[in-house]
Amino acid sequence: MDTKSTIQERLAGGEGTALVKEWLRANKGKGRAALARHVCERLDMRDARGRLRQGGAQKALRVLEARGYWRLPKPQSRGPGRWKPRRLGQRVAEPRKMPERVEQVQGLSLVGVSREQDELFRTWNELIETEHPLHDSRMVGRQVRYLIGSEHGWLGALGFGSCALRLAPRDEWIGWDEPTRRLFQDRVLDMRRFLIRPSVHCENLASRVLSMAAERVGPDFARRYGFEPWLLESFVNTEAYEGTCYQAANWLCVGESSGRGRNGPNKPQVARKEVYVYELNRRWRRQMGIVPKSEQITPLSLEESLCAEGWVEAEFGEADLGHQDTTQRLLRIAKAKARNPSASYTECFAGDRHELKAYYRFIGKQRAQMSPEGILSGHRRQTIRRIKGYGRVLAIQDTTDLDFSDRLHCNDLGDIGKNQTGAVSQGLKMHSALALSEDGLPLGVLGTHIYASHFDSEDKAHNRPIEEKESYRWLRTIEELREIAQWVPETELIAVGDRESDLFELFDYRRRKARNIHLLVRARYDRCLEEEPRKLFAHLEALPVMGEAHIAVPRQREKKGKPSKPGRIGLPARRAKVQLHWDKVTISAPQTTQTRHMAAVELRALLLREVDPPKGVKPLRWVLLTTVQIESRKQALRCVRWYSRRWRIEEWHRVLKSGCRVEAHQHQSAAKLARAIAIDTVMAWRVMLLTLLGREAPELRCELIFDPWECRLLEELQPFVAPETMRGQKKGLYASPLPISSSRDSAGPSTETPAICPDLKRSCAVSVASTTSKSATGWGKEYL
């Protein structure tokens, strides 16, 4: 197989061009087929079986003629009318006594079809022309065709041919560059036609046929063309089909086509389709010389992320902002902000007008890469490295409002709610995903989407697709997690959301495109169930008690009421006795214009309700929907523990607003505010991580987080900051400020680094700053 260069490249070269022009001058009466045969023989262009590649040569000659290389003889006419396939002349007989399940089908097999087998070839064409939605049986180039046979009759047909020349989601998933694509594109086959006859209704037949085809097509193609394919691709029109048979046969959805067709124009002409791929050779990337994404990154522990000196470079240094100087400016800004997270950017630069002017130039850049996603790209990569070190990670997603109502001259703000007087408040919404370990330690910010919302009753209209609604942000996070899963295939990713994320479209999207991502959502709607007269909540309440447990309920802070929202009283922490009920349920699709065509979704439902709550306290009651298996009390409590970690993102929002004071930024446009807030999100993650580490890993050495001079200073301040920790201490030995041990009272580094890790640098820095900074002290008290 000629893989060093394409036919077109060889003919466009000096030797090929001279050869074609010389032949055209000497053979004016001959046709294009003779020319193609001549250049193939002279340039030795053959396939893997040694046959001349005349079809490819003819196409390359036509393309180069259009570019002005030469003028070819006129094509020979094949007579009036369009091309017509060989057909039977009558409809293919319907199958007889077809069973309802694939296990009951007698003699199910794939029958190979070639042009030499006239009756089989005509049968294949007849089925495709009459019963396939495209009604087009023509296939060109390399191809393999099959009939789906059985003792009941012909059940369908399928055919494989050359893959799409360029396909963005497939090419991105493969990870090849242009030269590699040209070398190995012949190794990818496209399932050009797939038909299960409309009269055949047999459960699991389509997925069984796909599995059988995956076993047959590689060897059959190799016998015919001399080399084996490594990948299969196929397209699913989601307006008519769900694609569940591909999912059941372990095909992977990698994205959506643009709607241009295989060789179509630049503008979409056909319906957009989901792109599925299947690996025939598990080592195909290595054979192409492509390093898998999972091997392009190495795990990064939380301990390594705590380095006092280099953490800013690690988190921001790989940001893709379009220019190295812009990335270096981001590093200088982040370092200044890291020294004083609660200060404004103006205060961070301590009056240096040159640095401040550079900051404003940075925030005001209009380059496409200068988005929150671009600013966080380096941190996101480091977060993925930290995720790689865990077997299971929770991806908590939530939305918060950022109030900028007092920015009267700020452009492009949206609506975030109404105040006490009923006036609409102006600001931005921020939807983020925060990665957590199972112990609740923040691993990093996976992404944040900052946008302006506008109150619009049409947003809730049932006739609008989910892609046009704000609620699509919940599905967008699952898209991002699906891409992240390619980097960490051995880590189980679980997306956790509150009641706002209870969207049927979310469950449907996960089933169709992201089956490797699990969901854990608190139910908001009392949904209908398949083959069950009662709705979801009543069904769970009717189940017997399957388990009991005692869970710790943290104290409830008091909130003052508003005219539009009632307040709540403060409550002390308590231990609540709860009962558990769980079951496997099948949720019916809501009967709306956009969802009624969707198939029902199978989930696990878990009801947690408190018994005998204290007087005046509203009892706990959660209904959780998940794709994670729940078969025992232990698994049910695990899901409860995971969902309880959702409050970590609320704490992170509090650090952003109270600690980093993101709502105090004074920029005059929403885009500039979003860029500044993106930097603050990493600062808030760092502060939260260090604080939690100080509480849960007090044995960590002080030097791991602080500079040596900071450790010495904090030790000297210890008697004044926390004198109670000095009791019982020998003279000359000082307890660590806050729960981190210093070098002076530690015999040496611990032989075992704690598995959990995160907070405290800012917390301790606040103690130091308390002697000189009233604002820092106030912020420290509020957060700690």
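Residues numbered from 1 in each chain as written. Predicted model: local features only at pLDDT ≥ 70, side-chain atom pairs only at ≥ 80, totals over all residues. Heavy atoms only, no water.

Colleague: It is not clear to me how the packing of helix α3 (residues 32–43) against helix α4 (residues 54–66) should be interpreted in this structure. Could you clarify?
Modeller: Packed helices, taken two at a time, are described by the angle between their axes plus the distance between the axes. Contact geometry of α3 with α4 gives a least axis separation of 9 Å together with a crossing angle of 110°. Here α3 lies roughly perpendicular to α4, going by the angle between them. Every residue of α4 that contacts α3 at Arg32, Ala33, Leu35, Ala36, Arg37, Val39 and Cys40 is listed here: Gln54, Ala57, Gln58, Leu61, Arg62 and Glu65. (Axes fitted to C-alpha atoms, helices over the stretch in contact; angles between N-to-C directions. Helix = DSSP H or I, 4+ residues; strand = E, 2+ residues; numbered from the N terminus. Parallel < 35°, antiparallel > 145°, perpendicular 65-115°, else oblique. Contact = heavy atoms within 4.5 Å.)

Colleague: Would you mind going over the sheet that holds strand β2 (residues 143–149) with me for this structure?
Modeller: Hydrogen bonds along the backbone pair up the strands of a sheet, which may run parallel or antiparallel. Read across the open sheet, the seven strands follow the order β1-β2-β3-β4-β5-β7-β6; overall the sheet is mixed. Since the sheet does not close on itself, it has two edges, and those belong to β1 (109–113) and β6 (252–256), each with one partner. Mean inter-strand twist for the sheet, computed between neighbouring axes without regard to direction, equals 30°. Where strand β4 (residues 188–196) and strand β5 (residues 231–236) come together, three bridges link them in parallel fashion. Bridge pairing links Leu189 to Leu232 in β5. (Pairing = 2+ DSSP bridges.)

Colleague: Explanation requested: the environment of Arg91 in the structure shown.
Modeller: Tracing the sequence through the fold places Arg91 in the loop between α4 and β1. Under the relative-accessibility criterion, Arg91 is labelled exposed at 52%. Measuring from C-alpha to C-alpha, the distance between Arg91 and Thr130 comes to 7.8 Å, with 39 residues separating the pair along the chain. With near-sequence residues (within four places) excluded, Arg91 lies in contact with Glu126, Thr130 and Glu131. (Buried < 20%, exposed > 50% of the residue type's maximum accessible area, 1.4 Å probe, protein only.)

Colleague: Sorry if this is basic, but what is going on with the pairing of strand β12 (residues 492–497) here?
Modeller: Walk down a regular strand and you will see the side chains alternate between the two sheet faces. Across the six residues of β12, five count as buried, placing the element largely inside the fold. Strand direction decides the pairing type here: strand β8 (residues 392–403) and β12, joined by five bridges, are parallel. Of the residues in β12, the one forming a bridge with Leu394 is Ile494. Sheet topology places β12 next to strand β13 (residues 517–522); five bridges connect them, and they run parallel. Considered in β13, the bridge of Gly497 is made with Val521. In this fold, the crossover linking β12 to β13 by way of helix α19 (residues 504–513) has right-handed handedness. (Right-handed = clockwise from strand over helix to strand, strands pointing away.)

Colleague: What is the right way to read helix α2 (residues 14–26) from this model?
Modeller: Each α-helix turn comprises 3.6 residues. Residues three or four places apart therefore point the same way. In this model α2 runs 19 Å from its N-terminal to its C-terminal C-alpha over 13 residues, within 8% of the 18 Å that 1.5 Å per residue would give. Within α2, the full set of buried residues consists of Gly16, Thr17, Leu19, Val20, Trp23 and Leu24. Across the axial projection of α2, the buried residues extend over an arc of 165°, all falling on one side. For α2, exposure combined with an orientation more than 90 degrees from the buried face picks out Gly14, Glu15, Arg25 and Ala26. On the buried face of α2, the contacting elements are α1 (7–12), α3 and α4. (Expected span 1.5 Å × (residues − 1). Arc of directions from axis to C-beta.)

Colleague: I tried to follow the pattern of salt bridges on my own but got confused; where do I start?
Modeller: Opposite charge on two side chains lets them pair, provided their charged atoms get close. Scanning the model with the defined rule gives 53 salt bridges in all. One salt bridge connects Glu274 with Arg512, and the closest N-O pair in it is separated by 2.4 Å. Of the two residues, Glu274 is situated in strand β7 (residues 274–279) and Arg512 in helix α19; the sequence distance between them amounts to 238 residues. The burial state of Glu274 is the same as that of Arg512; both residues are buried. With a shortest N-O distance of 2.9 Å, Glu315 and Arg386 are connected by a salt bridge. Residue Glu315 is located in helix α12 (residues 311–316), and its partner Arg386 is located in helix α17 (residues 377–388); the two are separated by 71 residues in the primary sequence. For Glu315, a relative accessible area of 2% corresponds to the buried category. (Salt bridge = Lys/Arg side-chain N within 4 Å of Asp/Glu carboxyl O.)

Colleague: Help me understand unusual backbone geometry in this model?
Modeller: Note on backbone geometry: most residues besides glycine have negative phi, and most peptide bonds are trans. Located in the positive-phi region is Asp412, a residue other than glycine, with phi close to 70°. Note on placement: Asp412 falls in the loop between β8 and β9 (414–418). Relative accessible area serves as the criterion here: at 58%, Asp412 is assigned to the exposed category. In this structure, Glu531 takes a positive phi of about 55° despite not being glycine.

Colleague: Any chance you could explain the pairing of β13 here in plain terms?
Modeller: Across the six residues that make up β13, a large majority, six, are buried. Side chains of β13 alternate between two faces, with Ile517, Leu519 and Val521 and His518, Leu520 and Arg522 buried alike. Pairing of β13 with strand β17 (residues 621–626) involves three bridges; the strand directions are antiparallel. Directly across from Val521, in β17, lies its bridge partner Leu625.

Colleague: Explanation requested: the nonpolar core in the structure shown.
Modeller: In a soluble, globular protein the nonpolar side chains are often hidden away together inside. Residues Phe316, Phe362, Leu481, Leu536, Leu606, Trp652 and Ile679 are the most contacted members of the largest nonpolar core, which totals 135 residues. Considering each element in turn, this core owes the most residues, 17 residues, to helix α23 (residues 670–696). Excluding residues that lie within four positions of it along the chain, Leu606 makes contacts with Leu540, Leu580, His581, Trp582, Trp622, Val623, Leu624, Ile630, Ala636, Cys639 and Val640. Core analysis: the next-biggest nonpolar cluster, separate from the first, contains 35 residues, Leu108, Leu205, Met212 and Phe221 among them. (Core = buried A, V, L, I, M, F, W, Y, C linked by side-chain atoms within 4.5 Å.)

Colleague: Help me understand the side chain of Thr383 in this model?
Modeller: As for its position among the elements, Thr383 is in helix α17. Residue classification places Thr383 among the buried positions, given a relative accessible area of 0%. With near-sequence residues (within four places) excluded, Thr383 lies in contact with Ala435, Leu443, Gly444, Val445 and Leu446.

Colleague: How should I be thinking about helix α15 (residues 353–364) in this particular structure?
Modeller: End to end, α15 covers 16 Å across twelve residues, agreeing with the expected 16 Å (1.5 Å per residue, within 8%). A side-chain oxygen of the first residue of α15 lies 3.1 Å from the backbone nitrogen of His354; this N-cap is Asp352. (Polar contact = N/O pair within 3.5 Å; in protein donor to acceptor, adjacent residues only side chain to side chain.)

Colleague: Quick question: what am I supposed to make of the confidence of the model for the protein here?
Modeller: Parts of the model with low pLDDT should not have their predicted coordinates read in detail. Looking at the protein, pLDDT values average 84 and 87% of them are 70 or higher. Taken element by element, the predicted model of the protein shows its lowest mean pLDDT in helix α26 (residues 774–783) (31) and its highest in β12 (97). Counting contacts from residues 728–784, a segment whose pLDDT is below 50, to residues more than four positions away or on other chains yields 139 contacts. (pLDDT = per-residue confidence, 0-100.)

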